[in-house]
Each structure stands twice: as C-alpha cells, then as structure tokens.
Amino acid sequence: MDALFRDYDGPERPGASVVVIHEGKVVLRRAYGLADLEKRAPATPESNYRLASLSKQFTATAILLLVQDRKLRLDDHVVDVLPGFPASLKDVRVHHLLQHTSGIWDYEDFVPATQTVQVKDRDVLELLSRTERTWFAPGTAVRYSNSGYAVLALIVQQVSGMPFARFLHERVFVPSGMRSSVAHEDGVSTVVRRAYGYAVDRDGFIPRDQSPTSAVLGDGGIYSSVDDLVAWDRALDSHALVSEELQKQAWTPPTLPGGTPSRYGFGWFVDNDGGRQRLSHHGETSGFTNAIVKYPEQRLTVIVLTNRAGGEPWTLAQYLADPWLGPPGNPGSTWPFVTLPNAH
C-alpha cells in the first residue's frame, strides 16, 4: 500500500487519507502527506476533505428521506415542487435529476471564466433559465449534470422547510454518527481538521482550494473524513436512514427507451464487475480528487480522499479492493464515469 501512495507521501506534498472496510470492520486505515502545506499539518484519517461529487450520494439520500416521509414522490414534476424552476423544463421529474436523465444543462456553462463571486445553489435556477431547451427529452438518455443535484438540494430545502446544510446535519450526519462532516458555507459553518486543496505547476504545489462554483452544496459541497465515511458506510449497510427497498432503488439504474441500460442510480455509478455489483463515484473539484468503490454483496468498501488536483484515486481504490475480491472479475473494465457524457 505504501508503494501505491508514494506520490502522496512526504513532508512537502499534499496528501491522501485511505480506508478499507470489510464486513463492517475497518481492515486498513492510513494517511499520507500534508493536509495543509502552509502549516505543515499532516493528513490523518480524521482530516476533512471537500468531497466534490462524492457529495451526490448524500443529496440523493436527503431526497429519499423526504420520499420516505411521504412529503415527496420520485415521479413528481420539479416545476410543481420548486417555485422558480423554469417552466420550459416542465417535463423534468425528481427521479430524472437523481439519475442524470433530465437533459438539463450544466450551470457551469453559463458561469464566465472571469467570475469572482461564487455561485450558490439558489443561483442555479436563474442560470438554467437562460436556455429553453434540454439536451434531450427527459428520461430518454443520460448526461451527467451537476445542475440536477443543485436543484435537488433546493427541493430538499423547499419541501423540508429548513436549509439544506441543516437538513443534512440533522437527518443524515448526526443519525449516521458522522461527527465532523458538514455541507460547508463560508461564514456560516466551520470545517474542523480541514484539508486544503492544491494543484501542481512547474514550480511545485500551489494553493487551489476554491473556484467560482465551489460554494454550490448539492453537487459537491460536503466536507468529510474517511473516519466519518466509515460511519456512513455502516449506515448504508444497516439501512439506518432509508429503507432497504429505497436503498435498492438508489442502486438500480434505469433502463432507457429501446432497452439501453444506464449506469447511474441515485448518487452512485452502478456497473457489473464480472458478476459482482460495483458501486462507485469519483469526485473532482478545485484542489481535490476523490473516489469511493463499494461492493455491497461482498460488504467491501474502499475510500480514497486526496487534496490535490489530478491523479486517479479510483484506480488506487480498485487496487486495494482486489485482494479482498480475489481475481478481477472483469479485468480492464472501463469505469462508468469515463464513458458517461459530461461526467467531470
């Protein structure tokens, strides 16, 4: 393992935190490098990294909690639930957003490169109103969309009557035993034991912790540690938050018209690794690159969080998973997010 993470180790390098969970037990827990280069603070399993798109599984769970509470239905039209949602997108339903089958545009397409004021979830509705069409008829194809998950966060806020970050804290993080996780809002909340993001240039590592879209919560604004994600993994396996039936829906991608299978459920990529169901997600944002790989039937989960741009932590996670799985069931298989349009 140390050889795998050699590039993240050392006294001058942004680091990585890693955990392997097998049959509910932590069988490997380690960290490398630094969480904060300026303060020379080492990365630990308790360091909190910006999860980027690993956040989507939490946004999806928040929606499922409202479904379980009978306050929302997966086939509700978004325009009927969320005031201000563009009327031109009237055919989009809640499950389309969850499964990236809505066809709505990415809000990032409308944010100029020169923008300095950070976009918030509430700004996404105005950005989406700048186009009157979708990429395709909702439900007919798959195109990864961060906009969908920003809108889902707004739905959680509208239906629950509380801010999205507070809903996650009260209904997801606390019940799961995730003690330090937070949907971070600058000036409102604090990230304890925070890992800061970095990029690489020819002079070495440079701070690259925020971008104009880093403040959007629903698609990628959660900070967490591998230790907290162990608690999350146990909550998933024990169905402590949502029922087994709803969780199964989250891990079952839809079949598209014509019989074409999708490979995205609710907040998770889903594929078949030689007969084994594999759940995964990558997370890439300014200064952070992360991965989670989960085999539910084998009760095996590997999580790799890093505070640097670039790298392929999903590949490292698979290397760590393979010894518990035996020979690769589908050697050389392509990750679902590599082939899904717009998955970045």
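This text follows the structure it describes.
Parameters at a glance
Residues numbered from 1 in each chain as written. Predicted model: local features only at pLDDT ≥ 70, side-chain atom pairs only at ≥ 80, totals over all residues. Heavy atoms only, no water. Helix = DSSP H or I, 4+ residues; strand = E, 2+ residues; numbered from the N terminus. Rg over C-alpha atoms; globule rule 2.2 N^0.38 Å. Buried < 20%, exposed > 50% of the residue type's maximum accessible area, 1.4 Å probe, protein only. Contact = heavy atoms within 4.5 Å. Areas by Shrake-Rupley, 256 points an atom, 1.4 Å probe, with all protein chains shown as cover. Lys, Arg positive; Asp, Glu negative; His and termini not counted. Charge placed at Lys NZ, Arg CZ, Asp CG, Glu CD. Pairing = 2+ DSSP bridges. Salt bridge = Lys/Arg side-chain N within 4 Å of Asp/Glu carboxyl O. Expected span 1.5 Å × (residues − 1). Bend = angle between axes of the 7 residues up to and from the residue. Core = buried A, V, L, I, M, F, W, Y, C linked by side-chain atoms within 4.5 Å. Axes fitted to C-alpha atoms, helices over the stretch in contact; angles between N-to-C directions. Left-handed = near helix turned anticlockwise from the far one by under 90°. Nonpolar A, V, L, I, M, F, W, Y, C, P; charged D, E, K, R; others polar.

Draft legend 1. Layout of the overall build of the protein chain. For the protein chain, the count of helices and strands is ten helices and 13 strands. For 344 residues, the compact-globule formula gives about 20 Å, and the C-alpha radius of gyration of the protein chain, at 19 Å, lands near that figure. Counting only C-alpha atoms and orienting by the principal axes, one finds that the protein chain spans roughly 55 × 45 × 35 Å. For the protein chain, with 344 residues in total, the buried portion stands at 56%. Long-range pairs, those at least 24 residues apart, make up 66% of the contacts in the protein chain between residues at least 6 apart in sequence. Taken as a whole, the protein chain presents about 14500 Å² of accessible surface, with 48% of it coming from carbon and sulfur. Of the side-chain charges in the protein chain, 34 are positive and 39 negative, and the distance between the mean point of each set is 2 Å.

Draft legend 2. Quick look at the pairing of strand E1 (residues 16-22). Of all seven residues that make up E1, six are buried, and the element is covered over most of its length. Taken together, the seven bridges between E1 and strand E2 (residues 25-32) define a ladder with antiparallel strand orientation. Bridge pairing links Val20 to Leu28 in E2. In this structure, the hairpin formed by E1 and E2 is closed by a connection of two residues, where Glu23 is found at a positive phi of approximately 55°. Pairing geometry for E1 and strand E13 (residues 300-306), over seven bridges, is antiparallel. Within the sheet, the bridge partner assigned to His22 lies in E13 and is Leu300.

Draft legend 3. Main features of the pattern of salt bridges. Scanning the entire structure with this criterion turns up 16 salt bridges. Asp273 is paired through a salt bridge with Arg276; the nearest N and O atoms lie 3.3 Å apart. We note that Asp273, like Arg276, is buried. Because the salt bridges share partners, they merge into one network encompassing Asp7, Arg13 and Arg308.

Draft legend 4. Molecular detail of helix H6 (residues 164-176). When the terminal C-alpha atoms of H6 are compared, their 17 Å separation across 13 residues agrees well with the 18 Å that a helix rising 1.5 Å per residue should span. Glu170 marks where H6 bends most, by close to 30°. For H6, the full list of buried residues reads Phe164, Ala165, Phe167, Leu168, Val172, Phe173 and Ser176. Residues of H6 that are buried in the fold lie against helix H1 (56-68), helix H5 (146-160), strand E6 (182-183), strand E9 (222-224) and helix H7 (226-238). Following H6 by one or two positions, Gly177 adopts a phi angle in the positive range, close to 85°.

Draft legend 5. Up close: the nonpolar core. Ranked by size, the top nonpolar core spans 104 residues in total, and within it Phe58, Ile63, Val151 and Ile155 carry the most contacts. With residues near it in sequence (within four places) discarded, Ile155 still touches Ile63, Leu66, Leu72, Val78, Val81, Leu82, Val94 and Leu97.

Draft legend 6. Examining the sheet that holds E13 more closely. Spatial ordering of the open sheet is given by E2-E1-E13-E12-E11-E10, a layout of six strands whose pairing is antiparallel. Unpaired on one side and paired on the other, E2 and strand E10 (269-273) mark the two borders of the sheet. In this sheet, neighbouring strand axes are inclined to one another by 15° on average, regardless of whether the strands run parallel or antiparallel. Packing against the sheet, H7 makes contact with E1, E2, strand E12 (288-295) and E13, and its axis sits at approximately 30° to E1. The strands touched by helix H9 (residues 313-325) are E1, E2, E10, strand E11 (276-285), E12 and E13; relative to E12, the strand with the most contacts, the crossing angle is about 25°.

Draft legend 7. Representation of the sheet that holds strand E5 (residues 49-50) in the model. On the basis of which strands lie adjacent, the open sheet formed by three strands has the order E5-E9-E6 and antiparallel pairing. The strands lining the two open edges of the sheet, one partner per strand, are E5 and E6. Pairing geometry for E5 and E9, over two bridges, is antiparallel. The residue bridging Tyr49 from the neighbouring strand is Ser224, located in E9.

Draft legend 8. Quick peek at the pairing of E13. In terms of burial, E13 is largely enclosed, as seven of its seven residues are buried. Along E13, one buried face is formed by Leu300, Val302, Val304 and Thr306 and the opposite face, lined by Thr301, Ile303 and Leu305, is buried too. Counting the residues between successive antiparallel strands, the hairpin from E12 to E13 contains four residues, one of them, Arg299, with a positive phi of roughly 50°.

Draft legend 9. Representation of unusual backbone geometry within the structure. The phi dihedral of Ala52 falls on the positive side, at around 55°, and the residue is not glycine. Relative to the helices and strands, Ala52 resides in the loop between E5 and H1. A relative accessible area of 3% places Ala52 in the buried class.

Draft legend 10. Examining the packing of H1 against H5 more closely. At a closest axis distance of 10 Å, the pairing of H1 and H5 adopts a crossing angle of 35°. As for the relative orientation of H1 and H5, their crossing is left-handed in sense. Residues Lys56, Thr59, Ala60, Ala62, Ile63 and Leu66 of H1 touch H5, and the partners they reach there are Asn146, Tyr149, Leu152, Ala153, Ile155, Val156, Val159 and Ser160. Of the residues in the contact of H1 with H5, the class split is ten nonpolar, three polar and one charged.

Draft legend 11. Focus on the side chain of Thr306. Among the secondary structure elements, Thr306 is positioned in strand E13. Judged by its relative accessible area of 0%, Thr306 is buried. Setting aside anything within four residues of it in sequence, one finds Thr306 in contact with Tyr8, Gly15, Ala16, Tyr49, Gly287, Phe288, Thr289, Asn290 and Pro313.

Everything listed here is a matter of geometry and, on its own, says nothing about what the molecule does.
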